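Summary of the model geometry
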Amino acid sequence: LHGDYEEALGLWRKIVDREPLFWPSRMNIGDTLRMMGDSAGAIREQEKILDQSPENVFAQHYLTMAHLTAGHFGTARETLERVRPEDRARFLIRMPWALTLALEGKREEAVKEMDEALIKWGAADILMTLNVAEFYAVLGEAPKALEWVERCVRSGDERAEWFRRDPLLASLRDQPGFRQVLDSVEYRRQQRSRK
């Protein structure tokens, strides 16, 4: 994972132009737009998937994340409340539930949702590791959040630009360790570009 959002967006759009109903490409367009700061565009793309397939848990996850990033906590909750009961226990749905509860100030419920199994899944799935960092950042647990950001980077997630802008990581922005992690990503990129 790197931070060349324009390049990624162009590639995903070419696929959608050829295969408009291929939802994984549209999902990635939406999430890329979210990281670029276009929450409205991100929401629109995820809703297009749900228009075709209202029970698509991937689109429900990424739509919820787009609403959380935009500060639409009530709409995020509404999105999650529309999930089928049989999908409620899926990690892909539980992760944004934990974040939503944390953002609503329901700490005890949030911590219960972010149980050991969900944390293990977050550690194993590079795309979800950042969500665990965001969870701890929202709870104000900077050392744990920073540990998870470091884990993201060690796993190959080099979206330093997004980490800087991510509103769910806002509590880390003034942490020296956070800046050091992001500086290390930029240093590695510079070293690679010289080769």
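The numbering scheme is per chain: residues are counted from 1 as the chain's sequence reads. Predicted model: local features are reported for residues with pLDDT of at least 70 only, side-chain atom pairs are reported and counted for 80 or more only, and whole-chain, interface and lining totals are derived from all residues. Computation of side-chain values covers all heavy atoms of the structure but excludes hydrogens and water.

**Let's talk about the overall build of the protein chain**
Helical segments are the DSSP runs of H or I of at least four residues, strand segments are the runs of E of at least two, and each set is numbered from the N terminus. Helices and strands together make up the secondary structure of the protein chain, namely 12 helices and zero strands. Secondary structure of the protein chain in N-to-C order comes out as α-α-α-α-α-α-α-α-α-α-α-α. The globule rule puts the C-alpha radius of gyration for 195 residues at 16 Å, and the 16 Å found for the protein chain is close to it. Counting only C-alpha atoms, the protein chain reaches 45 × 45 × 25 Å along its principal axes. By the burial criterion, 47% of the 195 residues in the protein chain qualify as buried. Once local pairs closer than 6 in sequence are excluded, the contacts in the protein chain between residues at least 24 apart make up 56%. When the accessible area of the protein chain is evaluated, it comes to approximately 9,800 Å², of which 52% is carbon and sulfur surface. Counting 30 positive and 33 negative side-chain charges, the protein chain places the centres of these two groups 3 Å from one another. Here the globule rule is a power law, 2.2 Å times the number of residues to the power 0.38, and the radius of gyration is based on C-alpha atoms. Exposure classes here rest on a 1.4 Å probe applied to the protein chains alone. A residue is buried below 20% of its type maximum, exposed above 50%, and partly exposed in between. Any two residues having at least one pair of non-hydrogen atoms within 4.5 Å are treated as being in contact. Accessibility throughout is a Shrake-Rupley quantity obtained with a 1.4 Å probe, and a residue counts as covered only by protein chains that appear here. The sign given to each residue is positive for Lys and Arg and negative for Asp and Glu; His and the chain ends receive no count. By convention, the charge on Lys lies at NZ, on Arg at CZ, on Asp at CG and on Glu at CD.

**Let's talk about the packing of aromatic side chains**
Aromatic pairing here means that ring centres of Phe, Tyr or Trp (its six-membered ring) are within 6.5 Å. Orientation follows from the plane angle: under 30 degrees is stacked, over 60 is edge-to-face, and everything else is tilted. Evaluated as defined, the whole model comprises three aromatic pairs. Aromatic side chains Phe91 and Trp121 sit 5.6 Å apart centroid to centroid with 35 degrees between the ring planes, which places their arrangement in the tilted category. In this pair, Phe91 sits in helix α6 (residues 91–103) while Trp121 sits in helix α8 (residues 116–124), placing the two residues 30 residues apart along the sequence. For Trp121, a relative accessible area of 19% translates into the label buried. Definition used: whenever NZ (Lys) or CZ (Arg) falls within 6 Å of the ring centre and also within 35 degrees of the ring normal, the charge is taken to sit over that ring. Lying across the ring of Trp148, Arg151 places its NZ or CZ 4.2 Å from the centre.

**Describing the environment of Met27**
Inspection of the secondary structure assignment puts Met27 in helix α2 (residues 23–35). Placed 72 residues apart in sequence, Met27 and Leu99 show a C-alpha to C-alpha distance of 20 Å. Once you skip the residues sitting within four places of it in the chain, Met27 turns out to touch Gln46, Ile49, Phe58 and Tyr62.

**Some points on the pattern of salt bridges**
Salt bridges, as used here, are contacts in which a Lys or Arg side-chain nitrogen is within 4 Å of a carboxyl oxygen on Asp or Glu. As enumerated under the stated definition, the model contains 22 salt bridges in all. For the salt bridge of Arg189 with Glu161, the shortest nitrogen-to-oxygen distance reads 2.7 Å. Of this pair, Arg189 sits in helix α12 (residues 176–194) while Glu161 sits in helix α11 (residues 160–165), placing them 28 residues apart in sequence. Here the residues in one salt-bridge network are Glu55, Arg84, Glu86, Asp87 and Arg90, joined through shared partners.

**Some words on the environment of Glu104**
Turning to its location among the elements, Glu104 is positioned in the loop between α6 and α7 (107–113). Owing to a relative accessible area of 27%, Glu104 belongs among the partly exposed residues under this scheme. Taking the C-alpha atoms as reference points, Glu104 and Val138, 34 residues apart in sequence, are found 9.9 Å from one another. With near-sequence residues (within four places) excluded, Glu104 lies in contact with Phe73 and Arg77.

**Describing the side chain of Thr32**
Structurally, the position occupied by Thr32 is in helix α2. For Thr32, a relative accessible area of 6% translates into the label buried. N or O atoms closer than or at 3.5 Å make up a polar contact, with two conditions inside protein: a donor-capable atom paired with an acceptor-capable one, and, for residues adjacent in sequence, both atoms drawn from side chains. Of the polar contacts made by the side chain of Thr32, one reaches the backbone oxygen of Asn28; its length is 2.7 Å. Not counting residues up to four positions away in its chain, the partners in contact with Thr32 are Tyr5, Leu9 and Trp12.

**Side note on helix α5 (residues 73–81)**
Among the residues of α5, those classed as buried are Ala76, Arg77, Thr79 and Leu80. Down the axis of α5, the buried set is contained in an arc of 160 degrees. They therefore lie on one face. Looking at the buried residues of α5, the elements they touch are α4 (57–70) and α6. In this description, the arc belongs to the directions extending from the helix axis to the C-beta atoms.

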